[in-house]
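# Coordinate analysis (summary)
One-letter residues, chain by chain:
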Amino acid sequence: MAPKRAPETDPQTTLRAGLPDRYLTPEDLIEMFSLPSIETLYTWRKRGVGPPAIRIGKYLRYDPAAVRAWVESNTKTAAA
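This text gives an overview of the structure that appears in the document. Please read these numbers as outputs of a predicted model, since none were measured by experiment. (Residues numbered from 1 in each chain as written. Predicted model: local features only at pLDDT ≥ 70, side-chain atom pairs only at ≥ 80, totals over all residues. Heavy atoms only, no water.)

## Points about the nonpolar core
With 10 residues, the main nonpolar core is built from Leu24, Leu29, Ile30, Met32, Leu35, Leu41, Ala53, Leu60, Tyr62 and Val67. The element contributing the most residues to this core is helix α2 (residues 26–33), with three residues. (Core = buried A, V, L, I, M, F, W, Y, C linked by side-chain atoms within 4.5 Å. Buried < 20%, exposed > 50% of the residue type's maximum accessible area, 1.4 Å probe, protein only. Helix = DSSP H or I, 4+ residues; strand = E, 2+ residues; numbered from the N terminus.)

This is the structure:
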């Protein structure tokens, strides 16, 4: 079982409280959305259906504002 993060570094708490001062990692998104694996994020990225990611060197990172906007747009779509 994965260790619990401290509340100040927990991605869900951070997004609810405001924008974090760092980009989110794929692992952060896996935890936030309770995804089964990192492959789900890669599939979303390939199909263009997930939150937009940026490449920083060899790493994928997610802008918290873009993740929030993606969640809000999907919430509105699901509610309609």
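## Some words on the environment of Leu24
Examined against the element boundaries, Leu24 turns out to sit in the loop between α1 (11–17) and α2. It is 4.9 Å that separates the C-alpha atoms of Leu24 and Tyr62, two residues lying 38 residues apart in sequence.

## Focus on the side chain of Thr25
Among the structural elements, Thr25 can be located in the loop between α1 and α2. Not counting residues up to four positions away in its chain, the partners in contact with Thr25 are Arg61 and Tyr62. (Contact = heavy atoms within 4.5 Å.)

## As for α2
In an α-helix there are 3.6 residues to a turn, and that puts residues three or four apart on one side. Of all the residues in α2, the buried ones are Pro26, Asp28, Leu29, Ile30 and Met32. Positive backbone phi, approximately 50°, marks Ser34, located one or two places after α2.

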